[in-house]
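Residues per chain, in single letters:
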Amino acid sequence: MSSTSDSRGRSGVIVTHPNRGKPVVQATRATVVVLLLVSAALILIVTIGGWGTLEGGIPILLAWALIYLLMAYYAARWSRGVLPMAAALALLLLVFAIVAAPAWFERDKAGFAAPSLNAGLLGVLTLVIIPVQILLITFTMRGFSQGWNVELEQLDPGADSGALPGSA
């Protein structure tokens, strides 16, 4: 089964996307969208929960969550171009989460400013970001290799044969 889209003004031609109808491709797209939304939610929870203790990183984290939400929107609309960008951002966030997680657990000691949420909970949420980003990288690269952008042009069986390009 293939999905169809507009023919961009060319009468008598139907543009189909044969790979988009496959269940494995649809499942990959849904997984990518869910992982992007979960990542954005985790970033926002850690950002809001640690608002008082994050120094200067708040605008970057808010922008990161917004970018993930935009990428989820475009991935849901079959935009294959966001997949490598999502994988690259996920790799960066993976590195940041690996570095930041131990610091949240160290904030449980005396002498540190207390964040809005428990520092241990923020550490656990930061640790949860790590496998989510690994899954996001895996599924975005899988989606990129599935050829979401492949288009086939087929003649419309109901079209007037005189209206087709190249007919005399």
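As shown above, the structure is provided for reference.
Below, the structure is looked at part by part. (Residues numbered from 1 in each chain as written. Predicted model: local features only at pLDDT ≥ 70, side-chain atom pairs only at ≥ 80, totals over all residues. Heavy atoms only, no water.)

**Considering the side chain of Thr47**
Rule in force here: The helix and strand labels rest on DSSP assignments: H or I over at least four residues marks a helix, E over at least two residues marks a strand, and numbering proceeds from the N terminus. Partly exposed residues are those whose accessible area sits between 20% and 50% of the maximum for their type, while under 20% is buried and over 50% is exposed, using a 1.4 Å probe and protein chains only. Two N or O atoms count as a polar contact when they lie within 3.5 Å, although within protein this holds only if one can serve as hydrogen donor and the other as acceptor, and sequence-adjacent residues are included solely when both atoms are side-chain atoms. Throughout, a residue-residue contact means that at least one pair of heavy atoms, one from each residue, lies within 4.5 Å.
Relative to the assigned elements, Thr47 resides in helix 1 (residues 23–49). For Thr47, a relative accessible area of 0% gives the class buried. Within polar-contact distance, the side chain of Thr47 engages the backbone oxygen of Ile43 at 2.7 Å. Beyond its immediate sequence surroundings of up to four residues, Thr47 is in contact with Leu54, Ile58, Leu61 and Leu62.

**Let's talk about the packing of aromatic side chains**
Under the convention used in this document: Each aromatic pair joins two rings of Phe, Tyr and Trp (for Trp, the six-membered one) with centres within 6.5 Å, and gets the label stacked for planes under 30 degrees apart, edge-to-face for over 60, and tilted for any other angle.
Tallied over the entire structure, the rule returns two aromatic pairs. Taking the centre distance of 5.8 Å and the plane angle of 75° together, the rings of Trp64 and Phe96 count as edge-to-face. Of this pair, Trp64 sits in helix 2 (residues 58–76) while Phe96 is found in helix 3 (residues 82–106), placing the two residues 32 residues apart along the sequence. Under the relative-accessibility criterion, Trp64 is labelled buried at 9%. With relative accessibility at 45%, the residue Phe96 sits in the partly exposed group. On the basis of an interplanar angle of 70° and a centroid distance of 5.2 Å, the ring pair of Tyr73 and Tyr74 is categorised as edge-to-face. Here Tyr73 falls in the partly exposed class, since its relative accessible area comes to 44%.

What is shown is where atoms sit, not what they do.
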